[in-house]
Amino acid sequence: MPLIHSLHAREILDSRGNPTIEVEAILNDGARGRASIPSGASTGVHEALELRDDDKKRFGGKGVLTAVANVNTTIATALKNCDAFDQRAIDARLIELDGTPNKSKLGANAILGASLAIAHAAAASQKIPLYKYLGGANARVLPVPLLNILNGGAHTNWQTTDLQEFMIAPVGASSFREALRWGAEIYHALKKVLKDKGSNTEAIEVILQAIDAAGYNAGEQIAIALDPAASELFKDGKYNLQKEARGMSGAQMIDFYAELCKKYPIVSIEDGLAEDDWETWTQLNARLGARTQLVGDDLFVTNVARLKKGIELRAANSILIKLNQIGTLTETLDAIEMAHQVGWTAIVSHRSGETEDT
């Protein structure tokens, strides 16, 4: 039984050039594990707190030295000599140590860094890759990727479209390798057909042109997936679509999506409605859920309490999984398991401010 010998954290940079936290765990058998934590651009109000220093003299206030110190002192002391294989007990100890509902005392980035570094170290101690340590004998199937090839909303510095992400899903590919090739070819074809388009429907039309130009069949081999990030659009009880030049009620948004799904081969809509608009989510699922994957991101924030409510209300049929929304590996796996138990899908997100940690 390997025990945790030490934990050490440091401040590194993510893919956007912003600070994030990296944690290294060393076990008493010499095994080491390292984890670095991603950060999203579009975040839900119910997410666990990503602790930042707010020191405007460093990285515009985005430094994470406080979170680093929390790992190197409080967390390292509390977890020393704990069983590295008992991930559930480790994560429960971290949650207890923080003592807040949103991990705001120690920081979800500090807690998740420690949680994942220990999992990496435990896998190294067993001399197996992390995916096999977590998934066991069933860790053998890769998912159909959702490939984001056109951005709008909060992911751009200009208002190209109201909807945040336009994705393709290579549903007809026989392997992950083939799916990735199809996606890359369509992405490069998109460069050739992309013009000065602005509306939400024009963005889909351009992608369909790129699918055709790359030699694939939309609807058969390649489907469309959307992430409107509707919480960003919701204000004063209305969904404000600037490119459509109108403010829309929840019922009108449902009609809007129904028309899009009727016209285009859309198989998945993520965050189609605001994060607390539960009643309209239920209506959307009743209307489209039988034929469309309806994914809660800001709605569920990888939180089993919110997911349980969504299941009871039949508010969706899928959950987006982001480790740093909730803050520990155990809570993340519990959310996936709860979704699978009721027949929902669970989509694992890389977060857009990613690190080298797969």
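Criteria and cut-off values
- Residues numbered from 1 in each chain as written.
- Predicted model: local features only at pLDDT ≥ 70, side-chain atom pairs only at ≥ 80, totals over all residues.
- Heavy atoms only, no water.
- Helix = DSSP H or I, 4+ residues; strand = E, 2+ residues; numbered from the N terminus.
- Buried < 20%, exposed > 50% of the residue type's maximum accessible area, 1.4 Å probe, protein only.
- Polar contact = N/O pair within 3.5 Å; in protein donor to acceptor, adjacent residues only side chain to side chain.
- Contact = heavy atoms within 4.5 Å.
- Salt bridge = Lys/Arg side-chain N within 4 Å of Asp/Glu carboxyl O.

Novice: Got a sec to walk through the side chain of Asn285? Specific residues and values, please.
Specialist: With respect to the element layout, Asn285 can be found in helix α8 (residues 278-288). Residue Asn285 is classed as buried on the basis of its relative accessible area, which comes to 14%. A polar atom in the side chain of Asn285 sits 2.9 Å from the backbone oxygen of Arg314. Discounting residues that sit within four places of it in the chain, Asn285 has contacts with Ala290, Leu294, Arg314, Ala315, Ala316 and Asn317.

Novice: Describe the pattern of salt bridges, naming the residues involved and giving the relevant values.
Specialist: Evaluated as defined, the whole model comprises 16 salt bridges. Its salt-bridge partner being Asp53, residue Arg58 comes within 3.9 Å of it at the nearest N-O pair. Note that Lys322 and Asp297 form a salt bridge whose closest N and O atoms lie 2.8 Å from each other. Taken together, the residues Lys322 in the loop between β12 (318-321) and α10 (323-326) and Asp297 in the loop between β11 (293-296) and α9 (304-313) connect sequence positions 25 residues apart. Owing to a relative accessible area of 6%, Lys322 belongs among the buried residues under this scheme. Salt bridges sharing common partners tie together Arg10, Glu22, Glu24, Arg32 and Arg34.

Novice: Give a description of the pairing of strand β5 (residues 165-169) that names residues and reports values.
Specialist: For β5, the tally of buried residues reaches five of five residues, placing the bulk of the element in the interior. Burial of β5 is two-sided: the residues Glu165, Met167 and Ala169 facing one way and the residues Phe166 and Ile168 facing the other way are all buried.

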